[in-house]
Structure formats: C-alpha cells, structure tokens
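Structural features, examined
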2 protein chains.
Amino acid sequence: MHAIREAMAEMHARSEAIPPVSPAVESLVRQVIAQVADKWTMLVLEALEERGTLRFTEVGRVVGGISQKMLTKTLREMERDGLVVRTVHPVIPPHVDYTLTELGRELSAAFCGVWTWAETYYAQVSAARKAFREREEGA
Amino acid sequence: MHAIREAMAEMHARSEAIPPVSPAVESLVRQVIAQVADKWTMLVLEALEERGTLRFTEVGRVVGGISQKMLTKTLREMERDGLVVRTVHPVIPPHVDYTLTELGRELSAAFCGVWTWAETYYAQVSAARKAFREREEGA
DNA sequence: TTTGACACTCTCCTTTTGGTGCGTATGGCA
DNA sequence: TGCCATACGCACCAAAAGGAGAGTGTCAAA
C-alpha cells in the first residue's frame, strides 16, 4: 500500500547524495534559477537591456501585456535581487526610473542564448506540437 | 476616473508597433520562452543532459524534490515540444525511458549560460537581498 | 497468497499567480 | 474650481499550479 511513499522517500533521500557541488550552493542556485527563469523577469530584462533606462510605464509599454500589479512585483523582485536600480525623483507627478545593474546586464547576456534558441527553433517546436496533436488524435 | 484604463489600453495598443520583428514570430517566440523557461523543465533538461537516457523514476531522483504529477506533466510537455523522446518498452513491470532530442540538447546548451550565471553570481544575489532587507527594515 | 515493482492516472486540497478596479498625493493646467 | 498625470498600494476574486495520497495492471519473488 505504501510502496509509492517509500519509493519517493528513498528517491528524495538518495537525491541528496547525487549533486556534484555542495548542497547549500546547489539549493541557492536553484532558488536563484527558479526566480530568475520567470517569464516577466526575462521580458523586463530584455526591455531594459535594449532600451537602457526606462520609467515604470515605459517598461510596461515595451514589455506589453503585463498588468501594473505584475510589473510592480517583477521590478521589486529584480531590485531586491540586485538586477535593477530604482531611482526615485521626488517630483510631482512622481518620476521613477529603472536601469540594469552590471549583474542584470550579465544575466541578460546569459539569457541571450535562450532567446536565440527560441528564434532559431520556434518553427521546429510548432511542428513537433502539430505532430504530437495528430498522433494523439489518431490514437 | 478611467484614466488608468485608458493608459493601459494605449500602452497595449502602442506596444504592437514596437517589436522589431514580425508580431506573429514575436508572439510564438514568447510562447515558447514562457513554457520553456520553467523551473522543472530546466531541471529535467539538465538531468537528461548530464546523465543521458533515464527512466521515469530516475529522472525524478536526479532532479530531486519533484512530485510525480509535475514530473509527468513536465515530461509530457517536453515530449510535445520535441525536446525529449519517450520510448516505451512493453514489458512488465513497465519500462519507459527518456532521451533528449537534438532540439533538447541545443536548448540545454542555451541554458548553460544561465546556470553559469547563477553559479557565478548567487553570492552577489544573496548579498543584494540581505542589503535590501536591511534597507527596508531600517525604513 | 501476499507483496512489490514501474509508470503512471485520478481526486482532493492548498497555495500561488494574476487580473480588475479603487484609492492617493499634489502641482500645473483649463 | 476641478481634473489630469505618475507610480504605485490595497482589497477582492478567479484561475492555475502544485502537493498528497490512493488506485491500476501484471508478473515475479517471498
């Protein structure tokens, strides 16, 4: 009855022994990856990379299709992680702008490969999806 | 009263004019990015990249901390997108194994930069987070 | 005869994600 | 006098993500 439970428990237990680097580092890296490999983060990163400094609404416009709530949240997290600098000009109406830090620019460069992959292979991905759909419809 | 509504509407309308490439391609690329830039997808990709062919439970063990449900879902999506090949050996107990396709290997290579970034800069990210926490506690 | 193994599927439940719409401060403009 | 603009915060709600646990089918070993 509890076969799966035990199997999964063992799976998790044994997985501790597998990582080649220290588990603490591995965990941190995964945490960073999980938060950084976010759709909006990638999009904002790209917007700031190719446009330089932008204001709040400008980021939204360039990214496109993002709600104010998610824009705020994404920018806050990026600021917290040291990817962007938030500069507030105390004027009325408020003026805030966002710029990538060196860390942010490095990350953007790292993601460049993924963008290139997507642009190079998106046609192959759609083809694969189409074939998959047809296979399961035929079944 | 409807200032925000109008601002956002205009934001979305104008955003159509900004992308440098065709909007259809842009949309597809974003779709691909959004699905591929997923935590579990990245982790499974890496597991298969460095271990070669793996069975279902082996993938789970190597990735670590993933539920069966998410493992199934992630592998199915990757199969659908042409990133992995799923081979069923009709024996009992069942034996299914997963291997990266060329497309999958290319994507894995593309993500390599992000992994490197995370490993290189995770310490800077934690430092940034710590500084951020202290700043907001002090405020 | 019971049990375990694999690779799932299904249901139930909680957590997270994300959208909408409202409120806010205040100097400048009509 | 009163509305507009910016960059949010907050409350409410729907949808999706994700985890836990049980069930499945069949054969071989205990």
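That block above? That's the structure.
Once that is clear, we can look at the overall build of chain A. Across its full length, chain A holds six helices and three strands. Along chain A, helices (α) and strands (β) appear in the sequence α-α-α-β-α-α-β-β-α when read from the amino end. Residue burial in chain A is summarised as follows: out of 139 residues, 39% are buried. Within chain A, residue pairs in contact and separated by at least 24 positions form 46% of the contacts whose partners lie at least 6 positions apart. When the accessible area of chain A is evaluated, it comes to approximately 7,700 Å², of which 57% is carbon and sulfur surface.

Moving on, we come to the sheet that holds strand β2 (residues 84–89) of chain B. Think of a sheet as strands paired side by side through backbone hydrogen bonds, with each pair either parallel or antiparallel. Residues and elements named next belong to chain B. Pairing in this open sheet of three strands is antiparallel, and the strands run β1-β3-β2 from one edge to the other. Each edge of the sheet is formed by a strand with only one pairing partner; in this case those strands are β1 (54–55) and β2. In this structure, β2 lies alongside strand β3 (residues 95–100), joined through six bridges in antiparallel fashion. Looking at β3, one finds that Thr87 is bridged to Asp97. Most of the contacts of helix α3 (residues 39–51) go to β3, to which it runs at about 90 degrees, and overall it touches β1, β2 and β3. Most of the contacts of helix α5 (residues 68–80) go to β2, to which it runs at about 110 degrees, and overall it touches β2 and β3.

Turning next to the sheet that holds strand β1 (residues 54–55) of chain A. All names here are of chain A. Judged by pairing direction, the sheet is antiparallel, and its three strands sit side by side in the order β1-β3-β2 without closing on themselves. The sheet is open, and its two borders are formed by β1 and β2 (84–89), each paired with just one other strand. Lying on the sheet, helix α3 (residues 39–51) is in contact with β1, β2 and β3 (95–100); it crosses β3 at an angle near 90 degrees.

Residues and elements named next belong to chain A. Scanning the entire structure with this criterion turns up two aromatic pairs over all chains. Note on Trp117 and Tyr121: the rings are 5.8 Å apart at their centroids and 50 degrees apart in plane angle, and the pair reads as tilted. Residue Trp117 and its partner Tyr121 are located together in helix α6 (residues 102–138), separated by four residues, close to a single helical turn. Each member of the pair, Trp117 together with Tyr121, is buried. Its end group placed over the ring of Trp40, Lys39 keeps NZ or CZ at 4.2 Å from the ring centre.

This part covers the protein's contact with DNA strand C. Around DNA strand C there are 19 residues in total, and A:Ser67, A:Lys69, B:Gln68, B:Arg86 and B:Tyr98 lie nearest to it. If you look at DNA strand C and keep only atoms within 4 Å of the protein, 64% of those are sugar or phosphate atoms. Between a base nitrogen of DNA strand C and a side-chain N or O atom of B:Gln68, the distance comes to 2.7 Å. Here B:Tyr98 contributes a side-chain N or O atom positioned 2.6 Å from a phosphate oxygen of DNA strand C. At the level of elements, α5 (68–80) of chain A together with α4 (56–63), α5 and β3 of chain B are the ones that each hand at least two residues to the surface near DNA strand C. When grouped by side-chain class, the residues that make up the surface near DNA strand C number nine nonpolar, five polar and five charged.

Attention now goes to the nonpolar core. Ranked by internal contacts, the top residues of the largest apolar core, which has 72 residues, are A:Phe111, A:Trp117, B:Phe111 and B:Trp117. Setting aside anything within four residues of it in sequence, one finds B:Phe111 in contact with A:Phe111, A:Val114, B:Val36, B:Ala37, B:Met42 and B:Leu45.

Quick look at the packing of α3(A) against α5(A) now. Residues and elements named next belong to chain A. Where α3 contacts α5, the axes come no closer than 10 Å and their chain directions differ by 75 degrees. The pairing of α3 with α5 is recorded here as roughly perpendicular in orientation. Every residue of α5 that contacts α3 at Trp40, Thr41, Val44 and Leu45 is listed here: Met70, Leu71, Thr74, Leu75 and Met78. Looking at the contact of α3 with α5 residue by residue, the classes come out as seven nonpolar, two polar and no charged.

This part is about the pattern of salt bridges. All names here are of chain A. A full pass over the atoms with the stated rule returns eight salt bridges over all chains. One salt bridge in this structure joins Arg105 and Glu102, with 2.8 Å as the shortest N-O distance. Here Glu102 and Arg105 lie together in helix α6, a separation of three residues that amounts to about one turn. Of the residues examined, Arg105 reaches a relative accessible area of 39% and is grouped as partly exposed.

Cut-offs and rules
Residues numbered from 1 in each chain as written. Chains lettered and ligands numbered in written order. Predicted model: local features only at pLDDT ≥ 70, side-chain atom pairs only at ≥ 80, totals over all residues. Heavy atoms only, no water. Helix = DSSP H or I, 4+ residues; strand = E, 2+ residues; numbered from the N terminus. Buried < 20%, exposed > 50% of the residue type's maximum accessible area, 1.4 Å probe, protein only. Contact = heavy atoms within 4.5 Å. Areas by Shrake-Rupley, 256 points an atom, 1.4 Å probe, with all protein chains shown as cover. Pairing = 2+ DSSP bridges. Axes fitted to C-alpha atoms, helices over the stretch in contact; angles between N-to-C directions. Phe/Tyr/Trp six-rings, centres within 6.5 Å; stacked < 30°, edge-to-face > 60°. Lys NZ or Arg CZ within 6 Å of the ring centre and 35° of its normal. Near = heavy atom within 4 Å. Polar contact = N/O pair within 3.5 Å; in protein donor to acceptor, adjacent residues only side chain to side chain. Nonpolar A, V, L, I, M, F, W, Y, C, P; charged D, E, K, R; others polar. Core = buried A, V, L, I, M, F, W, Y, C linked by side-chain atoms within 4.5 Å. Parallel < 35°, antiparallel > 145°, perpendicular 65-115°, else oblique. Salt bridge = Lys/Arg side-chain N within 4 Å of Asp/Glu carboxyl O.

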